[in-house]
Amino acid sequence: MKPHDTMPLPARTELNDAEPIERARAFADEMHQRRTVREFASTPVPKEVIEACIRAAGSAPSGANQQPWHFVAVQDPTIKRRIREAAEAEEREFYQHRAPDEWLQALAPLGTDEDKPFLDIAPWLIAVFYERTGLGPDGERLKRYYPHESTGIACGLLIAALHRAGLSTLTHTPSPMAFLNDILGRPRNEMPYLLLVAGHPAADCRVPAITRKTLDEYAHFS
Ligand code: IYR
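Residues numbered from 1 in each chain as written. Predicted model: local features only at pLDDT ≥ 70, side-chain atom pairs only at ≥ 80, totals over all residues. Heavy atoms only, no water.

## Notes on a nonpolar patch on the surface
- Taken together, the side chains of Leu215, Tyr218 and Phe221 define a hydrophobic patch exposed on the protein surface, amounting to about 390 Å² of accessible area.
- With respect to the helices, strands and loops of the structure, Leu215 is situated in helix H8 (residues 215-218).
- On the basis of relative accessible area, Leu215 is assigned to the partly exposed category, the value being 47%. (Patch = residues over 30% accessible without salt bridge, like charges linked within 9 Å, V, L, I, M, F, W, Y side chains within 5 Å. Areas by Shrake-Rupley, 256 points an atom, 1.4 Å probe, with all protein chains shown as cover. Salt bridge = Lys/Arg side-chain N within 4 Å of Asp/Glu carboxyl O. Helix = DSSP H or I, 4+ residues; strand = E, 2+ residues; numbered from the N terminus. Buried < 20%, exposed > 50% of the residue type's maximum accessible area, 1.4 Å probe, protein only.)

## Digging into the site of the ligand
- In the vicinity of the ligand, the contacting residues are Arg38, Glu91, Phe94, Tyr95, Trp103, Leu107, Thr112, Asp113, Lys116, His172 and Thr173.
- Interatomic distance of 3.0 Å between a side-chain N/O atom of Glu91 and a nitrogen atom of the ligand.
- Tyr95 places a side-chain nitrogen or oxygen 2.5 Å from an oxygen atom of the ligand.
- A per-element tally of the shell around the ligand places helix H3 (residues 77-98) first, with three residues.
- Residues belonging to the shell around the ligand are distributed by class as follows: four nonpolar, three polar and four charged. (Near = heavy atom within 4 Å. Polar contact = N/O pair within 3.5 Å; in protein donor to acceptor, adjacent residues only side chain to side chain. Nonpolar A, V, L, I, M, F, W, Y, C, P; charged D, E, K, R; others polar.)

## Considering the side chain of Glu114
- Within the secondary structure, Glu114 is located in the loop between helix H4 (101-107) and helix H5 (118-121).
- One buried charged residue, Glu114, forms no salt bridge at all, with the nearest opposite charge on Arg92 at 6.0 Å.
- There is a polar contact of 2.9 Å between the side chain of Glu114 and the side chain of Gln96.
- Glu114 has contacts with Glu88, Glu91, Arg92, Tyr95 and Gln96, leaving out every residue within four places of it along the chain. (Lys, Arg positive; Asp, Glu negative; His and termini not counted. Contact = heavy atoms within 4.5 Å.)

Here it is as structure tokens:
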């Protein structure tokens, strides 16, 4: 393939001397206010908000610019119910049979179980798929490069965008998630990556009193 044409770097916000540190710290502080929640309010969230957050996700860098992701945002109560029923069936298997003891012990402090009422209650479920392979114009399979990494980065941006829009999220990964292809009519070359629950937290929402590692525990500068 021949190289892309090039263009000047699109205009970006010019920052003065103090602004980079101020903005970087403000963003870090804002992100540290994010908490995963498991208790949602049914308060509606306009589609436009979700659309804009997904658009932010679509700005992620990706292997060979293949943008190997697809997002299905669900607010239809009937579809949410079907997703809940299928997810709970998988989760029952997981908690009662499939999960090794070590995994169950790691989850015990979080108090999770197979009941997933938030899949009905939260106004939006965003199913994220990555393309395992691409499909060419004649139905031929095309190789995808770094699809997990690319889609993971897009999900990070999505979670950040939803948080900035004042919404709470839960990164939910019932396993296996192939039922999402069936319910949402996505082709088999797309693999479910994540089911992101989004909405406002319940008025009496509580979260585990966990702490985050400090910067010097997870980063070094040399
Ligand atoms: N998918 C299950 C189990 C689960 C696994 C991990 I790793 C978590 O951080 C939380 C839950 C569930 O959603 O309950």
